[in-house]
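# Tertiary structure, described
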Amino acid sequence: MTDSIMSKAATMEIPINSNGDTGTLAEDDSLEQAAKLQWSLDEKDLQQVMVSGPNLNETSIVSGGSIKGSNMHHSSSSSSMTAEEVTRGVAVEKLETMKKWGFNTYKCTKQMISERFGRGSRTVDLELEAQIEVLRDTKKKYESVLRLARALTNHFYNMVQTQHALGDTFADLSQKSPELRDEFGYNAETQKLLCKNGETLLGAINFFVSSINTLVKKTMEDTLMTIKMYENARLEFDAYRSDLEELSLGPRDAVAMARIDAAQQQYQVQKDKYERLRSDVIIKLKFLEENKVKVMHKQLLLFHNAISAYFAGNQQQLEQTLKQFNIKLRPPGADKPSWLEEQ
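Residues numbered from 1 in each chain as written. Predicted model: local features only at pLDDT ≥ 70, side-chain atom pairs only at ≥ 80, totals over all residues. Heavy atoms only, no water.

Next up on the list: the pattern of salt bridges. Counted according to the given criterion, the structure contains 14 salt bridges. The partner of K141 in a salt bridge is D137, and the shortest N-O contact between them spans 3.3 Å. Highlighted residues: K141 and D137, both in helix α4 (residues 126–176), separated by 4 residues, approximately one helical turn. One salt bridge connects D222 with K284, and the closest N-O pair in it is separated by 2.9 Å. With a gap of 62 residues between them, D222 in helix α5 (residues 181–248) and K284 in helix α6 (residues 254–311) connect regions that are remote in the sequence. In this structure K284 comes out as partly exposed when scored by relative accessible area, which is 28%. In this structure, a network of salt bridges that share partners links the residues R234, D238, R241 and E245. (Salt bridge = Lys/Arg side-chain N within 4 Å of Asp/Glu carboxyl O. Helix = DSSP H or I, 4+ residues; strand = E, 2+ residues; numbered from the N terminus. Buried < 20%, exposed > 50% of the residue type's maximum accessible area, 1.4 Å probe, protein only.)

Below, the structure written as structure tokens:
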């Protein structure tokens, strides 16, 4: 509206005399009226801005003199509310997780105590549990074999080092004792040969120990971890089964039926988990037995042939045994850890 009136005032016709000069009186009257009209309009606009305009507390002056409405306050408030809602959602989720964990732990503890005192029933798979007990007993015996084989490696390594030092001493005395040069000489050669054969045997024993260690500490341990998960699933399954049986013996009102339906769903979930892990244990036990027989057949044959060849003094057969099982020895004088240190 102001712009329209100003446009009309600015384009008002001004009379020009014959000399080309504007009429002074008409010019003054016109400009004065336009100025008064503009002042009255500016005053009304200012009053309107003061009444209905944005709150000065929520505005900011930006470059160029324009007034910018502060939507930043509302944006900041909404973003802080969003962050608060996210934090609250995470807290609620953690609380629900802890609640479910505590409820499940309570049920399992109750079931375990009931079984221990003979008050609760448990699901039993006699054949599978017998196989699990055999595996645990086998693992203990194989750990004993592993411990004794490492002890043998330690003792034999020390003997080989002693033979090596003794051979060097005999060789030195052979050079310094002309009257016993031959005797010291062939004893030095014998000790060096025994030392060489001993290092070859150490290579075979070290390979034997490494294979047994892998079988016991990795393959058997992995199967036992699956068995542990299976036993926990069995306990949870029996806990929820007992809970469902207890609820089924109670009243049959609407609230009780809702609880029975929820318990039935949980029971089915635990049953599926139990059966899945039971199947995993059966498969792993089968493959473990096959792998154990295969590995031990090879390692026991290696151990027997290497020990027999060494104590028979058959160097050629001893070296052939290592080639048969693809065992590579460290080169003489190489700066590598000893067989004991590699264990």
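There's more to say after this.
What follows concerns the confidence of the model for the chain. On average, residues of the chain score 78 in pLDDT, and 72% of them are at 70 or above. In the model of the chain, strand β1 (residues 59–61) stands out as the element of lowest mean pLDDT, 39, in contrast to α4, which has the highest, 95. Low confidence marks residues 1–32, where pLDDT is under 50. Its contacts with residues over four positions away, or in another chain, come to 14 contacts. In this model, residues 34–70 is a region of pLDDT below 50 whose contacts with residues beyond four sequence positions or in other chains number 21 contacts. (pLDDT = per-residue confidence, 0-100. Contact = heavy atoms within 4.5 Å.)

Turning to the side chain of T223, a few remarks are in order. Of note, T223 is situated in helix α5. Not counting residues up to four positions away in its chain, the partners in contact with T223 are L135, K284, L285 and L288.

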